[in-house]
Amino acid sequence: DSFDIPEPELGGTDGLTTDGEYLYLRNRYRGKIDKLTKEGVWVDDLHIPGGTIAWTGDYFWTTNSCDKGL
């Protein structure tokens, strides 16, 4: 299925992951992650510095938010 991204006029996306319940969509230009239902309904936003995101089952991992690696 598909849905419109939150705030498309403010920038595109830079990553997508899920924790099994919610989708987490990285906003390319705003430095935040939008928390969405699987139907694309906005729930909350998280402020996690960095670039592309991944969910490990316990934590978010991201690139470009520290001096070395992930």
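What comes next concerns the included structure. (Residues numbered from 1 in each chain as written. Predicted model: local features only at pLDDT ≥ 70, side-chain atom pairs only at ≥ 80, totals over all residues. Heavy atoms only, no water.)

## Section: the overall build of the protein chain
Condition: Helix and strand definitions follow DSSP, with helices as H or I runs of at least four residues and strands as E runs of at least two, each counted in order from the N terminus. Contact between two residues is taken to exist if any of their heavy atoms lie within 4.5 Å; hydrogens are not considered. We get accessible surface area from the Shrake-Rupley algorithm with a probe of 1.4 Å; when it comes to residues, only the shown protein chains can shield them.
Helix and strand counts for the protein chain come out as 0 helices and 6 strands. The N-to-C order of helical and strand elements in the protein chain reads β-β-β-β-β-β. For the protein chain, long-range pairs separated by at least 24 residues make up 20% of all intrachain contacts whose partners lie at least 6 apart in sequence. If you sum the accessible surface of the protein chain, you get close to 4800 Å²; carbon and sulfur atoms cover 49% of it.

## Some remarks on the pattern of salt bridges
We apply this condition: By definition here, a salt bridge exists when the distance from a side-chain nitrogen of Lys or Arg to a carboxyl oxygen of Asp or Glu is within 4 Å. Only protein chains enter the accessibility calculation, which uses a 1.4 Å probe; a residue whose area is less than 20% of its type maximum is buried, one above 50% is exposed, and one in between is partly exposed.
Enumeration according to the criterion identifies 2 salt bridges in this entry. With a shortest N-O distance of 3.3 Å, Asp 34 and Lys 32 are connected by a salt bridge. With respect to class, Asp 34 is no different from Lys 32; both count as buried. As a salt-bridge pair, Lys 32 and Asp 45 come within 3.6 Å of each other at their nearest N and O atoms. A residue pair is termed long-range when its members are at least 10 positions apart, and Lys 32 in the loop between β2 (23-27) and β3 (33-36) and Asp 45 in strand β4 (residues 42-46) qualify at 13 residues. Via salt bridges that share partners, Lys 32, Asp 34 and Asp 45 belong to a single interconnected network.

## Describing the packing of aromatic side chains
Inclusion rule: Ring pairs are drawn from Phe, Tyr and Trp, using the six-membered ring of Trp, whenever the two centres fall within 6.5 Å, and their geometry is named by plane angle: stacked under 30 degrees, edge-to-face over 60, tilted for the rest.
Within this structure, the stated rule accounts for 2 aromatic pairs. Where Tyr 24 meets Phe 60, the ring centres are 4.9 Å apart and the plane angle is 75°; that geometry is what we call edge-to-face. Within this pair, whereas Tyr 24 is found in strand β2, its partner Phe 60 is found in strand β6 (residues 60-62), the two being separated by 36 residues in sequence. Exposure remark for Tyr 24: the relative accessible area of 6% places this residue in the buried category. Look at Trp 55 and Phe 60: their rings are 4.9 Å apart centre to centre, the planes differ by 65°, and that puts the pair in the edge-to-face class. The exposure class assigned to Trp 55 is partly exposed, which follows from its relative accessible area of 27%. An aromatic cluster of three or more residues is present, and its members are Tyr 24, Trp 55 and Phe 60.

## Brief notes about the sheet that holds β2
Threshold: Note: two strands are recorded as paired if DSSP finds a minimum of 2 bridges between them. Here an angle of 0 to 180 degrees is reported between the N-to-C directions of two axes, which are lines fitted to C-alpha atoms, with helices fitted over the stretch in contact.
Read from one edge of the open sheet, 4 strands run β1-β2-β3-β4, paired in antiparallel fashion. Of all the strands in the sheet, the pair left with one neighbour each is β1 (13-18) and β4. Strand-to-strand twist of the sheet, defined as the mean angle between neighbouring strand axes without regard to direction, takes the value 25°. The pairing of β1 with β2 spans 4 bridges and is antiparallel. Of the residues in β2, the one forming a bridge with Thr 17 is Tyr 24.

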